[in-house]
Protein chains: 2
Amino acid sequence: MSAKTANISEATVTRLSIYLRCLQTLEKEGRQTVSSQELARQFHLNSAQIRKDLAYFGAFGTRGVGYCIANLKDQIIKLLKLNKEKAVVIVGAGHLGQALADFQGFNSGGFRVVALFDIDPAKVGKKTAKGKSILHAKRIPEIAKKHNVAIGIIAVRPQSAQAIYDTLLKAGVKGVLTFAPAQIKEKPLTKLRAVDLKINLETLSFFLRS
Amino acid sequence: MSAKTANISEATVTRLSIYLRCLQTLEKEGRQTVSSQELARQFHLNSAQIRKDLAYFGAFGTRGVGYCIANLKDQIIKLLKLNKEKAVVIVGAGHLGQALADFQGFNSGGFRVVALFDIDPAKVGKKTAKGKSILHAKRIPEIAKKHNVAIGIIAVRPQSAQAIYDTLLKAGVKGVLTFAPAQIKEKPLTKLRAVDLKINLETLSFFLRS
DNA sequence: CCGTGTGAAGCTGTTCACAGCT
DNA sequence: AGCTGTGAACAGCTTCACACGG
């Protein structure tokens, strides 16, 4: 019943996020309710898993009917804490950093990129294609405090990743998403997630039938 | 002993890729050998897991000593099939697609981006910052055959993702990495990996101490 | 004596199957 | 009659602990 968030696996949370997207799709189609079975069929998921994932947080469905789409969507939004906008900063204004800063998905649905940082004088003071300011990295603490930044994104060279991570945490950022190809040591009481593009490609390579 | 690639989990392969990167770092530092314990300490891994992962593929170490860095590195490169260059195409020449096309990690160590595709006439015929050609998406089959493309990357809007996936497979591509926020149905005998940027951010949001 | 390679134990996440509610 | 919510079975991955080789 009570939404205790302990013991919830990362896999379950990732799927919540997937369910949210599926529900938004169905809502756009004008649907009112949906069963776990139908969700599973339509989006290539497992119905038992959907029910179990949701049941960790409460009883959101109606037996014999399924789930009310609008209601379940709102519940998941609350669970993921997407109902209050979170300020995001991106460190590293290379191609990837700029692409991420302008990325629709990072500027909607509970997130907003408030600044991009770099140390390259050729970039500092400029703006991205969609108008996000590129500031000098020494201003990370100032901006993080000013906008109460919750999430930092690392898109710098691997050598600098650990230092930037430390800087972000010291500036009060609580969660970090890194794209740098480096092994960062996660500090307690904060959350670190790593997306490694090259590793994804290499893993794919392994599984190719040659 | 023999390198049977069946029953190997995705998690193990992902870690192989991590080990490879760690070994390359150590090699640059001029190191000759390394033990699983030292690897674990230095890169925040688990030594038993390193040994078990490697043992799936053979006995690469020397008891009492550890692993010869140069040798182990070469072994992992072979396991991941990175010893022969693979041609990669990217579909979708938005900010992300262009950033990926120019990304160093996708143009080294066994991979090379040979073309970017889009259907926007304003983009077709142009080049990325680093000189990758943007071609019309209708040329996917032609280019895929010509360069014997092994891997396709999807960086298009979610509505088009499934269609592009089908197109890529029909063109003979064996593995696909998608960045589109959509649930694609994986076809048998091929490999699909999804990197979902927004889901990563939402998952991070869940775990933030508020 | 040290570190690998590995059976066995432990743990976590997934799937099954059905009781119970609507 | 239908679908949720859930204990129990299952499967897979991780960690332990130690025999064995160098």
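So, here is what we can say about the structure in this document. The shown structure was predicted, so the numbers you read here are calculated from the model rather than taken from an experiment.

## Section: the protein's contact with DNA strand C
Working step 1: Taken together, 24 residues lie near DNA strand C, and R15 of chain A together with S36, R51, G61 and Y67 of chain B sit nearest.
Working step 2: Backbone atoms, meaning sugar and phosphate, form 62% of the atoms of DNA strand C found within 4 Å of the protein.
Working step 3: Contacts to DNA strand C include K52 of chain A, whose side-chain N or O atom sits 3.5 Å from a base oxygen.
Working step 4: One of the backbone nitrogen or oxygen atoms of G64 of chain B is found 3.1 Å away from a sugar or linking oxygen of DNA strand C.
Working step 5: Elements that contribute at least two residues to the surface near DNA strand C include exactly α1 (10–28) and α3 (47–55) of chain A together with α3 (47–55), β2 (61–62) and β3 (66–68) of chain B.
Working step 6: Ranked by residues supplied to the surface near DNA strand C, first place goes to α3 of chain A with 4 residues.
Working step 7: Split into classes, the residues belonging to the surface near DNA strand C amount to 7 nonpolar, 10 polar and 7 charged.

## Structural notes on the sheet that holds strand β5 (residues 111–118) of chain B
Residues and elements named next belong to chain B.
Working step 1: Read from one edge to the other, the open sheet built from 6 strands follows the order β6-β5-β4-β7-β8-β9, with strand pairing classed as parallel. The sheet is open, and its two borders are formed by β6 (134–136) and β9 (191–194), each paired with just one other strand. The mean angle between the axes of side-by-side strands here comes to 25°, regardless of whether they run parallel or antiparallel.
Working step 2: By the bridge criterion, 3 bridges tie β5 to β6 in an arrangement that is parallel. Opposite D118, over in β6, you have H136 as the bridge partner.
Working step 3: Contacting β4 (86–91), β7 (151–154), β8 (175–178) and β9, helix α7 (residues 158–170) runs over the sheet at an angle of about 170° to β7.

## Observations concerning α7 of chain B
Residues and elements named next belong to chain B.
Working step 1: With 13 residues, α7 ought to run about 18 Å at 1.5 Å a step, and its terminal C-alpha atoms sit 19 Å apart, in line with that.
Working step 2: Residues of α7 that are buried: A161, I164, Y165, L168 and L169.
Working step 3: Buried-residue contacts for α7 involve β4, α6 (140–146), β7, β8 and β9.
Working step 4: Looking one or two residues beyond α7, the residue adopting positive phi is G172, at roughly 100°.

## Describing the state of the cysteines
In a disulfide, the sulfur atoms of two cysteines are covalently bonded to one another.
Residues and elements named next belong to chain A.
Working step 1: Applying the stated rule across the entire model yields 0 disulfides over all chains.
Working step 2: In this structure C22 is a free cysteine whose sulfur lies 16 Å from that of C68, the closest cysteine sulfur available.
Working step 3: Overall, the relative accessible area of 2% leaves C22 in the buried class.

## Description of helix α1 (residues 10–28) of chain B
Note that an α-helix has 3.6 residues per turn; residues three or four places apart therefore point the same way.
Working step 1: In this model α1 of chain B runs 28 Å from its N-terminal to its C-terminal C-alpha over 19 residues, within 8% of the 27 Å that 1.5 Å per residue would give.
Working step 2: For α1 of chain B, the elements touching its buried residues are α8 (197–207) of chain A together with β1 (33–34), α2 (36–43), α3 and α4 (69–79) of chain B.
Working step 3: In the segment just after α1 of chain B, G30 of chain B is the residue with positive phi, at about 85°.

## Considering the interface of chain B and chain A
Working step 1: Facing the 65 residues of chain B at the interface are 64 residues of chain A.
Working step 2: Area buried by chain B at its contact with chain A is led by R21, L201 and F206 of chain B, which between them contribute 13% of it.
Working step 3: Its salt-bridge partner being D196 of chain A, residue R21 of chain B comes within 2.4 Å of it at the nearest N-O pair.
Working step 4: At the boundary of chain B and chain A, one finds 16 residue pairs in polar contact (both at pLDDT 80 or more).

## Quick notes on unusual backbone geometry
Glycine aside, a negative phi is what most residues show, and trans is what most peptide bonds show.
All names here are of chain B.
Working step 1: Not every positive phi belongs to a glycine, and H44 is a case in point at roughly 60°.
Working step 2: Note on H44: relative accessible area 36%, which makes it partly exposed.
Working step 3: For L189, which is not glycine, the phi dihedral falls at a positive 70°.
Working step 4: By the secondary structure assignment, L189 is in the loop between β8 and β9.

## A word on the pairing of strand β4 (residues 86–91) of chain A
Residues and elements named next belong to chain A.
Working step 1: With 6 of 6 residues buried, β4 is to be regarded as a mostly interior element.
Working step 2: Side chains K86, V88 and I90 of β4 all project onto a buried face; the interleaved residues A87, V89 and V91 project onto the opposite face, where all are buried too.
Working step 3: Relative to strand β5 (residues 111–118), β4 runs parallel, the two being bridged by 6 bridges. Paired with V91 across the bridge in β5 is F117.
Working step 4: In this region the chain leaves β4, passes through helix α5 (residues 95–102) and returns to the parallel neighbour β5; the handedness of that crossover is right-handed.

About the cut-offs
Residues numbered from 1 in each chain as written. Chains lettered and ligands numbered in written order. Predicted model: local features only at pLDDT ≥ 70, side-chain atom pairs only at ≥ 80, totals over all residues. Heavy atoms only, no water. Near = heavy atom within 4 Å. Polar contact = N/O pair within 3.5 Å; in protein donor to acceptor, adjacent residues only side chain to side chain. Helix = DSSP H or I, 4+ residues; strand = E, 2+ residues; numbered from the N terminus. Nonpolar A, V, L, I, M, F, W, Y, C, P; charged D, E, K, R; others polar. Pairing = 2+ DSSP bridges. Axes fitted to C-alpha atoms, helices over the stretch in contact; angles between N-to-C directions. Contact = heavy atoms within 4.5 Å. Expected span 1.5 Å × (residues − 1). Buried < 20%, exposed > 50% of the residue type's maximum accessible area, 1.4 Å probe, protein only. Disulfide = S-S within 2.5 Å. Buried area = accessible area lost by both parts, 1.4 Å probe. Salt bridge = Lys/Arg side-chain N within 4 Å of Asp/Glu carboxyl O. Right-handed = clockwise from strand over helix to strand, strands pointing away.

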